[in-house]
Amino acid sequence: MATEDPGVEFFRMVRVRPAVPERVTIEADEGERAALAARFGVVGITSFSAELTFEPDGDAVDARGCLKAQLIQACAVSGDDFPVDVEEPLSLRFVREVRAVDPEEEAELPADEPDEIEFTGDSFDIGEAVAQSLGLAIDPYAEGPNADAIRREAGIAPEGEAEGPLAELLRGLKPT
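Here goes a summary of the coordinates provided. (Residues numbered from 1 in each chain as written. Predicted model: local features only at pLDDT ≥ 70, side-chain atom pairs only at ≥ 80, totals over all residues. Heavy atoms only, no water.)

### Overview of helix H2 (residues 126-137)
Quick reminder of the rule: Secondary structure elements follow DSSP: runs of H or I of four or more residues count as helices, runs of E of two or more count as strands, with numbering from the N terminus. To estimate how far a helix should extend, the number of its residues minus one is multiplied by 1.5 Å. Only protein chains enter the accessibility calculation, which uses a 1.4 Å probe; a residue is then buried when its area is under 20% of its type maximum, exposed when over 50%, and partly exposed in between. In the analysis that follows, any N or O atom pair within 3.5 Å is treated as a polar contact, provided that within protein one partner can donate a hydrogen and the other can accept it, and provided that, for residues neighboring in sequence, both atoms belong to side chains.
Under the 1.5 Å per step criterion, the end-to-end length of H2 is 17 Å for 12 residues, consistent within 8% with the ideal 16 Å. Restricting attention to buried positions, one finds in H2 the residues Ile126, Gly127, Glu128, Ala129, Val130, Ala131, Ser133 and Leu134. The opening residue of H2, the one whose side-chain oxygen lies 3.0 Å from the backbone nitrogen of glycine 127, is aspartate 125.

### Some remarks on the nonpolar core
Rules: Among buried residues, the Ala, Val, Leu, Ile, Met, Phe, Trp, Tyr and Cys ones that are joined through side-chain atoms within 4.5 Å form a nonpolar core. Working rule for contacts: check all heavy atoms of both residues, and any pair within 4.5 Å makes them a contact.
Ranked by size, the top nonpolar core spans 37 residues in total, and within it Phe48, Phe54, Phe94, Phe124, Ile126 and Val130 carry the most contacts. At the level of elements, strand E2 (23-27), helix H1 (30-40), strand E3 (44-57), strand E4 (60-74), strand E5 (81-95) and H2 are the ones that each hand at least two residues to this core. The element that contributes the greatest number of residues to this core is E5, accounting for 6 residues. Ignoring anything within four residues of it in the chain, the contact list for phenylalanine 124 reads Arg12, Met13, Val14, Val16, Phe54, Val61, Phe94 and Phe119.

### Observations concerning the sheet that holds E5
Defined as follows: Two strands form a pair only when DSSP identifies at least two bridges running between them. To obtain an axis, a line is fitted to C-alpha atoms, over the contacting stretch when the element is a helix, and the angle between two such axes runs from 0 to 180 degrees between their N-to-C directions.
An order of E2-E3-E4-E5-E6 is seen for the 5 strands of this open sheet, with the pairing classed as mixed. Lying at the two open borders of the sheet, with one neighbouring strand each, are E2 and strand E6 (115-118). Between one strand axis and the next, the sheet turns through 25 degrees on average, direction left out of account. Pairing of E3 with E4 involves 13 bridges; the strand directions are antiparallel.

This is the structure we're talking about:
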C-alpha cells in the first residue's frame, strides 16, 4: 500500500492486482490527523483507524469493516472542548465504472447497499473513502457535558418545560 499523496490527507492505496488483500488495517499518523481535523472543523483527532476486509466481486471489490476515532470537538452550546468517540461500520463498494446518470434524473441510493466508489487502474484509495466516512459520522452540533447547565444559566428551558404566560397559554391550546 502506498501511503503518500501531497493532495490528500489520508492516502492509502489498495492494489487489486494480482489479488486484493483479505484484510487491511490503516491508521492515521499525527500529521494526517491534524490535516483531517482542519478539514472536518474539529479541534483535534487524537486517534483514527479502520479495519477492513475485502471481497472481490467480478471487477468490483466490496470492503466492510469499522472505523474508530477519538476526537476533540467544541460544544455547539458552550464552545468548550470535549472528547468524542466515533465508531462506525463501513460498507463500501469499489467499482471500475459507474453507470452513467442523466443529470435530470433523481438518483435514489438504497440504504441497505454499500456506497459505490469508482476507481481506475489496478488500485483504489481506501484511506480517502474511510476519511469521508469519518466526515459523515461527525456530529457538527455535538453537545458537551455542560450544555444543559449553560442553557439553564442562559434561561433556556428544556423542550416541553417552558414557563411563563405564553407557555401557559400554549399548554391551554393543546387538546386533552
